Amino acid sequence: MWRFNSFRSLAGAVSLLLAPICPAPAQEQVDVALVLAVDVSRSMSPEELQIQRLGYATAIASPDVVQAIQYGARGRIALMMFEWANESHAREIVGWSIIESAADAKAFADKVLADSTYGQRRTSISGAIWHASALLAEAPYEADRKVIDISGDGPNNQGAPVTQARDRAIEAGLVINGLPLMTRGGMGFQFHIPDLDVYYRRCVIGGPASFVIPVNDWAQFPEAVRRKLILEIGGLTPEEPRVIRAQFKTEDPYDCLVGEKIWRRMREQYFWDQ
């Protein structure tokens, strides 16, 4: 019996060795895997949310963005978009899509426009970064670069500290670029800070050639998104005067918990003191 079992085990081992090797399916190669993380917190008005959605669609389908994609080594990118607010709200608008032609870009933009935006409470930039990082980790593509493109009109005021999420993303080899919306409107104006562009540069963005493009007026939004996408797709180091690059020199300390402190102060004023 021992000899029979040994022979059977040996035969099984040999058959495994002789069996054809079936490698895992190769992942599709792209120049960049890009996540568009779009703020829909209630600090923006419904009109502003609609302008934002239209601006993204217009920029994605623009000939300049399509041309930037086609100039890449592989001539294709992977793109997806989700909306975020509090740390438990991340809603996919368009799933992972390969963009390599004007038709692909228009199809993506059409899906953006076909959906509707609903504002949500609170602002968790850290939650958005965690979610985007997970999406990039699970993306079925082999990308030269993995980028999170995050927009927002206020500082983090809920969830983990934003610097914690940012640092984890950078450690994972991701790049985070920012589109701070330095506009005024919506119900949460009291959470706005005058130096949101500095906050994004000091607390949110990071990684090689990361940058911030501030939007001071909604009329600037479509053009800002277009320029931002071109830079991200091309992996370019921004040199434009309105594009603020990440800096690694020694600077005075900056309070990256300013949003959490504003929220705490508002709660004390409107709830705890009553």
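A. Layout of the overall build of the protein chain. A count of helices and strands for the protein chain gives nine helices and seven strands. In the protein chain, buried positions account for 49% of the 274 residues. Of the contacts made within the protein chain by residues no fewer than 6 positions apart, 80% connect residues no fewer than 24 positions apart.

B. Broad picture of the packing of helix α6 (residues 162-171) against helix α7 (residues 196-204). Running from N to C, α6 and α7 cross one another at 55°; their axes reach a closest spacing of 9 Å. The angle between α6 and α7 falls in the class oblique. Side by side, α6 and α7 meet where Val162, Thr163 and Arg166 of the first sit next to Tyr199, Arg202, Cys203 and Val204 of the second. Its residues assigned to classes, the contact of α6 with α7 shows four nonpolar, one polar and two charged.

C. Spotlight on the pattern of salt bridges. Inspection of the entire model under this criterion finds 15 salt bridges. A salt bridge links Glu100 to Arg76, with the shortest nitrogen-to-oxygen separation between them at 2.9 Å. Of the two residues, Glu100 is situated in the loop between β3 (90-99) and α4 (102-114) and Arg76 in the loop between α3 (63-70) and β2 (77-84); the sequence distance between them amounts to 24 residues. Taking the relative accessible area as the measure of exposure, Glu100 reaches 34% and is therefore partly exposed.

D. Here's a closer look at the side chain of Arg122. The topology assignment puts Arg122 in the loop between α4 and α5 (125-138). Put simply, Arg122 is tucked away with no salt bridge, and the nearest opposite charge, on Glu260, sits 7.9 Å away. A distance of 2.5 Å separates a polar atom in the side chain of Arg122 from the backbone oxygen of Asn157. Sequence-distant contacts of Arg122, defined by excluding residues within four places in its chain, comprise Ser41, Ala85, Asn86, Asn157, Gln158 and Trp263.

E. Molecular detail of the nonpolar core. Counting residues in each nonpolar core, the largest one holds 41 residues, and the members touching the most others are Leu179 and Leu229. Elements supplying a minimum of two residues to this core: β1 (28-39), α2 (46-60), α3, β2, β3, α4, β5 (175-180) and α8 (221-234). At six residues, the largest contribution of residues to this core is made by α8. If sequence neighbours within four positions are ignored, Leu179 has contacts with Tyr56, Ile150, Ser151, Gly152, Tyr200, Ile213, Val215, Phe221, Ala224, Val225 and Lys228. Residues Ile125, Leu135, Met182 and Ile193 belong to the second largest nonpolar core, which totals 37 residues.

F. Here's a closer look at the confidence of the model for the protein chain. Counting all residues, the mean pLDDT for the protein chain is 84, and 81% of those residues have values of 70 or more. Considering only residues more than four positions removed or in separate chains, one finds that residues 1-19, a stretch of pLDDT under 50, has zero contacts.

G. Region of interest: the pairing of β2. Of all eight residues in β2, eight are buried, a share of seventy percent or more. Burial of β2 is two-sided: the residues Ile77, Leu79, Met81 and Glu83 facing one way and the residues Ala78, Met80, Phe82 and Trp84 facing the other way are all buried. Relative to β2, β1 runs parallel, the two sharing seven bridges. Bridge pairing in β2 links Ala33 to Ala78. Where β2 lies against β3, seven bridges are found, and the strand directions are antiparallel. By the bridge assignment, Glu83 is partnered in β3 with Arg91. Hairpin remark: β2 followed by β3, antiparallel, with five residues in the connecting loop.

Conventions we followed
Residues numbered from 1 in each chain as written. Predicted model: local features only at pLDDT ≥ 70, side-chain atom pairs only at ≥ 80, totals over all residues. Heavy atoms only, no water. Helix = DSSP H or I, 4+ residues; strand = E, 2+ residues; numbered from the N terminus. Buried < 20%, exposed > 50% of the residue type's maximum accessible area, 1.4 Å probe, protein only. Contact = heavy atoms within 4.5 Å. Axes fitted to C-alpha atoms, helices over the stretch in contact; angles between N-to-C directions. Parallel < 35°, antiparallel > 145°, perpendicular 65-115°, else oblique. Nonpolar A, V, L, I, M, F, W, Y, C, P; charged D, E, K, R; others polar. Salt bridge = Lys/Arg side-chain N within 4 Å of Asp/Glu carboxyl O. Lys, Arg positive; Asp, Glu negative; His and termini not counted. Polar contact = N/O pair within 3.5 Å; in protein donor to acceptor, adjacent residues only side chain to side chain. Core = buried A, V, L, I, M, F, W, Y, C linked by side-chain atoms within 4.5 Å. pLDDT = per-residue confidence, 0-100. Pairing = 2+ DSSP bridges.

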